[in-house]
Amino acid sequence: MKREKWRGWLTRFGEAPSAEAGSPSDMALLELANGCAALGLSVPETRLCPGWGEDFEISLSDCRVRIAGGDPGLLYGAYAYLTAMACGEAPPAGRRHPYYPLRMLDCWDNLDGSVERGYSGRSLWFEGGALRWDPARIATLGRLLGSVGVNALCVNNVNVRDGAQALIEELLPELARLAEAFRPFGVRLMASVDFSQPLMHGLPTADPLDPDVAAWWRVRADAVWAAIPDFAGFVVKADSEHRPGPFTYGRTHAEGANMLARAVAPHGGKLVWRAFVYDCAQDWRDHSTDRPKAAYDTYMPLDGQFDDNVLLQVKHGPYDFQVREPVSPALLGMRDTALALEVQLAQEYTGHQIDLYAMPPMWAELRETLPPENVRAVAAVSNLGRDDCMTGHPFAAANLFGYGRFAWDPMSDPRRVLVQWAKLTYALPEAQRDALVDMLMDSRAVYEKYTAPLGLNWMVRPGVHYGPSPEGYEYDLWGTYHRADRNAVGIDRTAAGTGYVCQYPDALRDLYADTDTCPEKLLLFFHRLPYDFRMRDGRTLIQRIYDDHFEGVEQVERMAETLASLDLPEPDRTEALRRMDMQLANAREWRDVINTYFHRLSGVEDARGRKIYQ
Ligand code: GCV
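Computed from a predicted structure; not experimentally measured.

**Let's talk about the environment of Y531**
Phase 1: With respect to the element layout, Y531 can be found in the loop between β16 (529–530) and α15 (541–565).
Phase 2: Relative accessible area serves as the criterion here: at 4%, Y531 is assigned to the buried category.
Phase 3: Sequence-distant contacts of Y531, defined by excluding residues within four places in its chain, comprise A484, D485, R486, N487, A488, V489, T540, L541, I542, F598, L601 and S602.
Phase 4: Looking at Y531, its side chain comes within polar contact range of the main-chain oxygen of D485, at 2.7 Å.

**Things to note about helix α16 (residues 572–602)**
Phase 1: In a regular helix each residue adds 1.5 Å, so 31 residues correspond to 45 Å; α16 covers 44 Å between its end C-alpha atoms and thus fits that length.
Phase 2: Phi turns positive, to about 70°, at G603, one or two residues after α16.

**Considering the pairing of strand β5 (residues 102–106)**
Phase 1: Among the five residues that make up β5, five are buried, leaving the element largely enclosed by the rest of the structure.
Phase 2: Neither face of β5 is left uncovered, since the one carrying L102, M104 and D106 and the one carrying R103 and L105 both have all their residues buried.
Phase 3: Both β5 and strand β14 (residues 377–381) contribute to a ladder of five bridges, which runs parallel. Within β14, the residue paired with L105 across the bridge is A380.
Phase 4: Relative to strand β8 (residues 152–154), β5 is paired through three bridges, and the arrangement is parallel. Opposite L105, over in β8, you have L153 as the bridge partner.

**Thoughts on helix α3 (residues 135–147)**
Phase 1: The terminal C-alpha atoms of α3, which comprises 13 residues, lie 18 Å apart, in line with the 18 Å expected from a rise of 1.5 Å per residue.
Phase 2: Taken across its 13 residues, α3 has 10 buried, putting it largely inside the fold.
Phase 3: For α3, the secondary structure elements touched by its buried residues are α1 (24–39), α2 (73–87), β5, β8, α4 (172–182) and α10 (397–408).
Phase 4: Capping the start of α3 is the job of one residue whose side-chain oxygen sits 2.9 Å from the backbone nitrogen of A136: D134.
Phase 5: Trailing α3 by a residue or two, G149 shows a phi angle of about 85°, which is positive.

**What about the sheet that holds strand β1 (residues 45–48)?**
By way of backbone hydrogen bonds, the strands of a sheet pair with one another, either parallel or antiparallel.
Phase 1: Pairing is mixed across the open sheet formed by four strands, whose spatial order is β1-β3-β2-β4. At either margin of the open sheet sits one strand with a lone partner, and together these are β1 and β4 (95–96).
Phase 2: Inspection of the sheet shows strand β2 (residues 56–61) paired to strand β3 (residues 64–69) by six bridges, in the antiparallel sense. Directly across from I58, in β3, lies its bridge partner I67.

**Some details on the site of the ligand**
Phase 1: Within the structure, the ligand sits among 15 residues, and E116, K237, R274, K315 and E348 are positioned closest to it.
Phase 2: Contacts to the ligand include E241, whose side-chain N or O atom sits 2.8 Å from an oxygen atom.
Phase 3: Contact between the ligand and E348: an oxygen atom at 2.6 Å from a side-chain N or O atom of the residue.
Phase 4: Burial of the ligand by the surrounding chains reaches 95%, relative to a free accessible area of 340 Å².
Phase 5: Here the shell around the ligand is composed, by residue class, of four nonpolar, three polar and eight charged.

**Observations regarding the side chain of S443**
Phase 1: You can see S443 is positioned in helix α12 (residues 430–450).
Phase 2: Classification of S443 by relative accessible area gives buried; the value is 0%.
Phase 3: Here A358 takes part through its backbone nitrogen, which lies 2.8 Å from a polar atom of the side chain of S443.
Phase 4: The contacts of S443, once residues within four sequence positions are left out, are L356, Y357 and A358.

**Thoughts on the domain arrangement of the protein**
Phase 1: Under the domain assignment used here, the protein contains domain 1 (8–96), domain 2 (102–425) and domain 3 (427–491 + 528–614).
Phase 2: Between the C-alpha centres of domain 2 and domain 3 the distance comes to 29 Å.
Phase 3: Counting residues at the interface gives 44 residues for domain 2, matched by 43 residues for domain 3.
Phase 4: Around 4,000 Å² of area is buried between domain 2 and domain 3 when both sides are counted, 60% of it from carbon and sulfur atoms.
Phase 5: Between domain 2 and domain 3 we count three salt bridges in total.
Phase 6: The salt bridge partner of D438 is R415, with a shortest N-O separation of 2.8 Å.
Phase 7: On the surface where domain 2 and domain 3 come into contact, there are 26 residue pairs in polar contact (both at pLDDT 80 or more).
Phase 8: Of all the secondary structure elements, the ones that give two or more residues to the side of domain 2 that touches domain 3 are α9 (360–366) and α11 (414–425).
Phase 9: The class makeup of the residues in the side of domain 2 that touches domain 3 is 20 nonpolar, 10 polar and 14 charged.

**Quick notes on the side chain of E520**
Phase 1: On the secondary structure map, E520 appears in the loop between α13 (506–513) and α14 (523–526).
Phase 2: Among the residues examined, E520 registers a relative accessible area of 17% and is labelled buried.
Phase 3: Polar contacts involving the side chain of E520 include one to the side chain of R544, which spans 3.4 Å.
Phase 4: Residues in contact with E520, not counting those within four places in the same chain, are L454, M535, R536 and R544.

**Re the sheet that holds strand β9 (residues 188–192)**
Phase 1: The sheet built from eight strands closes into a barrel, its strands ordered β5-β8-β9-β10-β11-β12-β13-β14 with parallel pairing. Strand-to-strand twist across the sheet, computed as the mean angle between neighbouring axes with direction ignored, equals 25°.
Phase 2: Pairing between β9 and strand β10 (residues 233–236): three bridges, direction parallel. Looking across to β10, one finds that S192 is bridged to V235.

**A closer look at the packing of aromatic side chains**
Phase 1: If you walk through the whole model with that rule in mind, you get 32 aromatic pairs.
Phase 2: A centroid spacing of 5.0 Å and a plane angle of 80° characterise the contact between Y76 and W408, whose relative ring orientation is edge-to-face. Linking Y76 in helix α2 with W408 in helix α10, this pair joins segments that are 332 residues apart in sequence.
Phase 3: Y76 gets classed as buried once you look at its relative accessible area, which sits at 4%.
Phase 4: The class of W408 is buried, set by a relative accessible area of 17%.
Phase 5: Between Y357 and Y447, the ring centres sit 5.4 Å apart and the planes meet at 90°, which makes this aromatic pair edge-to-face. Taken together, the residues span a long stretch of sequence, with Y357 in the loop between β13 (339–344) and α9 and Y447 in helix α12 at a distance of 90 residues.
Phase 6: Classification of Y357 by relative accessible area gives buried; the value is 3%.
Phase 7: With a relative accessible area of 1%, Y447 lands in the buried category.
Phase 8: Over the ring of W52 we find R95; its NZ or CZ atom is 3.7 Å from the centre of that ring.
Phase 9: Sitting over the ring of Y613, K611 keeps its end group 4.8 Å from the ring centre.

Analysis parameters
Residues numbered from 1 in each chain as written. Predicted model: local features only at pLDDT ≥ 70, side-chain atom pairs only at ≥ 80, totals over all residues. Heavy atoms only, no water. Helix = DSSP H or I, 4+ residues; strand = E, 2+ residues; numbered from the N terminus. Buried < 20%, exposed > 50% of the residue type's maximum accessible area, 1.4 Å probe, protein only. Contact = heavy atoms within 4.5 Å. Polar contact = N/O pair within 3.5 Å; in protein donor to acceptor, adjacent residues only side chain to side chain. Expected span 1.5 Å × (residues − 1). Pairing = 2+ DSSP bridges. Near = heavy atom within 4 Å. Areas by Shrake-Rupley, 256 points an atom, 1.4 Å probe, with all protein chains shown as cover. Nonpolar A, V, L, I, M, F, W, Y, C, P; charged D, E, K, R; others polar. Domains from an automatic or database assignment. Buried area = accessible area lost by both parts, 1.4 Å probe. Salt bridge = Lys/Arg side-chain N within 4 Å of Asp/Glu carboxyl O. Axes fitted to C-alpha atoms, helices over the stretch in contact; angles between N-to-C directions. Phe/Tyr/Trp six-rings, centres within 6.5 Å; stacked < 30°, edge-to-face > 60°. Lys NZ or Arg CZ within 6 Å of the ring centre and 35° of its normal.

Structure, rendered in C-alpha cells:
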C-alpha cells in the first residue's frame, strides 16, 4: 500500500473525508466533524453565510463554538479552528479574511511527467503526455493546500513545450476532471499558455493586435470556461528565455497581455503575465547591460497600461531567486499596475531540498523593503512531486505551509509559523521542537555563509544549480557576472556604475549606494570592492569571506548533531539524516572551492591560519 507521507498538518487528525463533498463548505463540515472527533472535541455549530466569500468568524459563547463563513470561508474557518486546537492555541478572534485574494502555486510540471527544477520526483498529475493522477493523493494535496489557504494551482510549466498547450485544447476534459478533484478544497486551476499557439492552428501570425488572433484566443477561452466554470486564469511567460511573445511583432507587453486578458475577462478570469524578461544572450564583455535592471526598464514605461484583470507577476528579487537579492525595484515602482509577487519554494538555487533552507524568515525580511500592500496577489513556484515525501526533504514541507501562512497574512511571524508547522507535523517534546525550529530559522543564514558571499550569487554549477563553480557563469550568456580579479570583486551598481541603484525610491537608493549604509549582506550586489575593504567590524572583506565559509560549515556540523538528537518518526529521521550528510559534504565543497578561489586570486592568507586548499 502506498504510504501516505503527508498525514501531517490537519490531515493527521481525521479520516479522509468522503469524496462526495462537492463544495468547500461541504468539505469544511466533514473536515470539522472528523477533526473534532479525532481531537476529542464536540463539533462546533457552523453557519454558511452566502456573500462572505473567503471570510470566516469563530465565536465562543456559552461553552459553544460557532463557525460562520462563506464558501470557501467556512472551510478556512474549520481549518483555522482545528489548527488552533491542535496547536494548543486560542482560535483567531473576529471576522477573518486573507490579505491577498489570489494565492497561487505555480507548478513547473511538464506533460511528459518531468518537473522543471523539481526535487521531489515526477509530476503528481502528468505522465506520458496525459493527465494521470491518484485520486487519494490529489485529495490529500487538495486538503493540504486548502488548510493553508492556497486557492489557485497553475498545473503546467510556464515553459509551455512539447504540446502542453493541448491542456486547454484536446486534453480539456481531463483537465476538467482534475479541477473537480481540487474543487472541494477551494483550489481553482490555472494553466500556462503559449503565446504563439495561434500559429499552430493555421493563423499566419500571433500578433496580439491582429483581430483574428484575438478572436482565436476568445474562442479558446470560451471553451476552457465552458468546461471549467471556476477556472482561475492563464499564466504567460513571454519573450523570456526564448519563449515567444509580443516583441516578435513589435508590440509591447501591455498590448500582448491585454489581448489575452480581454479573452478571459468575460469569464472573470485573470491573466497572469510574468515579468521575467531580460537579455539571456548577453556578451560577458558587455559592461553596459546589467541584468537586474531589465524588469524595471521593460515594465516601468508600461505602468498604468495593463487591463484590470492582468496581474504582472514579478520575482521578489531582480535576478532569479538567488540566496541574497534586494527587492525587485519593479515591485516598488509600479504603483498603477496590479502586481503579483513571485517566490520559489522549489530550492533551485537554495539547496535542492537536500540542504535545509527555511523560507519564512526570508519572506518576513522582504516586507522590510516591500510593503505588503504594493502587491495584489502572490505566487510560489511549487516544491511538490510524486515521491513518497511530496517535498523531497520532509522539512521542505515547512516552506509550502509557511507560504500559505504568509499569503494569508504577510505580517505573519516566521517563528510562530514554523512552530505551528512543527506542532502539526511531529509530536516532539517542547525542547526538541524548539531545537528543530531554531535550526530552521537559522538555515538560510547558514546556507548563505557557505555559498556565494555577500550578495554575489551565481557561483553555482551551471544548469544544475547545486554545488560550487565560482566562474561557471562568468563567461556565459546569462548576464550573471561578478568579475572577480586579483584586486576586487562585485559590480558597481551605483550611479557611477551601471546605475541600477537609481531604479529604487530615493531612500533605498541612498541606503544602497553608500558602502557605509548598504546592508553588508548586499555589499557585493551593489558595489565593486577591493579585498582589503574594511567591513564594519574592522575585518577585511577577504577575511569576512574566509570566516563566513568556515563558520557556515561549522554551523552545519552543529545542525547535524542537533538533528541526530531529535526523536523524529521514521522514515523522516533517516531521510533527514541522509540529506544532512549530503548537505555537510556540499557545505565543505563550497567552503573549500570558494575560499581557494579567492585565495588564489587575491594571494591574501587567512588571518587565522586555517587550511585553504590550493
Ligand atoms: C521555468 C530560471 C530557471 C528556469 C525557469 C525560469 C523562469 O531561469 O532556471 O528553469 O523556467 O527561471 O522562472 O521562467
